[in-house]
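Take a look at the letters that make up each chain.
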Amino acid sequence: RFPHRLPHPDPPTGALSRGAVNAAGHNGEKKRMSEPSVVPDVTIRRLGTNEAAACVKALAELLIDCVEGGASVSFMRPLSRERAVPFWRGVPEGVARGARILLVADDDAVRIVGTVQLIPSQTDNQPHRADVAKMLVHRSVRRRGIAQRLMNALDDTARNEGRTVLVLDTLTGGDAERLYERTGWQRVGVVPDYAFTPDGQLAGATFFYTRLHARGG
């Protein structure tokens, strides 16, 4: 089941890309990865506050699909709508405060098939840093380059916001870990028994960082 259709974008945000996103890799030196042989027609959007609020149910459906598929993203299986929807209801408030930047990927039927968030550090001594969170791609469209496109768009967004050091963690041994390694992220290390997987097994978390050239740098 796919999430619902997206409403029209808020005026200050809207589509970041159609088809292939800027494929410049970290530091602008090389492409992240070669494009897959079959690439869906996908638009990457940055959602404003009103649009994020309108997409809560669609994003909740995407989260449920990913958790059901084994994604370790803070929730246990089975994940109900009663648990998923309140999480996403808190995101538009963060968008409004500048505490979160929400990107989504929607297909040619304008259905949300992926999302990722950039969480800028709010501390005075880290105005250049941000965390990456909730990278989600619907199981029906995985291995088609959508995660790569979301990360490329996230890089561009981070540069535009002056965020040049990005940090994330992911399930050790999972597909996402291999994606980040292939796309140039630097592996810091593993914390064992960091969290439970959706099916209740303790698993480690691998931490990564990347450095980006600032615009004009």
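Thresholds applied
Residue numbers restart at each chain and count upward from 1, following the sequence in its written direction. Predicted model: local features are reported for residues with pLDDT of at least 70 only, side-chain atom pairs are reported and counted for 80 or more only, and whole-chain, interface and lining totals are derived from all residues. Values shown for side chains rest on all heavy atoms present in the structure; no hydrogens or waters enter the calculation. Stacked, edge-to-face and tilted labels apply to pairs of Phe, Tyr and Trp rings (six-membered ring for Trp) whose centres lie within 6.5 Å, assigned for plane angles under 30 degrees, over 60, and everything in between, in that order. The term nonpolar core refers to a set of buried residues drawn from Ala, Val, Leu, Ile, Met, Phe, Trp, Tyr and Cys, joined through side-chain atoms within 4.5 Å. For the exposure calls, accessible area comes from a 1.4 Å probe over protein chains only, and a residue counts as buried if that area is under 20% of its type's maximum, exposed if over 50%, partly exposed in between. Numbering of helices and strands starts at the N terminus; helices are DSSP runs of H or I of at least 4 residues and strands are runs of E of at least 2. You can read pLDDT as the predictor saying how much it trusts each residue, on a scale of 0 to 100. Between two residues, a contact is recorded if the distance between any of their heavy atoms is within 4.5 Å. By definition, a salt bridge exists where a carboxyl oxygen of Asp or Glu is found within 4 Å of a side-chain nitrogen of Lys or Arg. DSSP calls a pair of strands paired once it identifies at least 2 bridges connecting them.

(A) Fine view of the packing of aromatic side chains. In total, this model carries five aromatic pairs according to the counting rule given. Clustering of aromatic rings is evident, with ring pairs tying together Phe75, Phe87 and Trp88.

(B) Structural view of the nonpolar core. Val132 and Met151 are the most contacted members of the largest nonpolar core, which has 27 residues in total. For this core, the elements supplying multiple residues, two or more each, are strand E3 (101-106), strand E4 (112-120), strand E5 (129-137), helix H5 (146-160), strand E6 (165-171) and helix H6 (175-182). Residues Cys55, Ile64, Cys66 and Val91 belong to the second largest nonpolar core, which totals 24 residues.

(C) Structural context of the confidence of the model for the protein. Chain-level pLDDT for the protein is 86 on average; 81% of the residues reach the 70-or-more range. Ignoring residues within four places in sequence, the model shows residues 18-39, a span with pLDDT below 50, making 58 contacts including any to other chains.

(D) Structural context of the pattern of salt bridges. Per the stated rule, a full pass over the model turns up twelve salt bridges. Arg81 is the salt-bridge partner of Glu61, the closest N and O atoms lying 2.6 Å from each other. Highlighted residues: Glu61 in helix H2 (residues 56-68) and Arg81 in helix H3 (residues 81-89), separated in sequence by 20 residues. Here Asp65 makes a salt bridge to Arg139, at a shortest N to O gap of 3.0 Å. On the criterion of sequence distance, the pair formed by Asp65 in helix H2 and Arg139 in the loop between E5 and H5 is long-range, its members being 74 residues apart. We classify Arg139 as partly exposed; its relative accessible area is 41%. Overlapping salt bridges bring together Arg143, Asp175 and Arg178 as one network.

(E) A look at the environment of Ser80. When you line up the elements, Ser80 lands in the loop between H2 and H3. When the C-alpha atoms of Ser80 and Glu61 are compared, they prove to be 9.4 Å apart, with 19 residues separating the residues in sequence.

(F) Quick look at the pairing of strand E7 (residues 186-196). In the sheet, E7 pairs with strand E8 (residues 202-211) via seven bridges, with the strands oriented antiparallel. Considered in E8, the bridge of Ala195 is made with Ala203. The turn joining E7 and E8, which pair antiparallel and follow one another in sequence, is formed by five residues; a positive phi near 95° is taken by Gly200.

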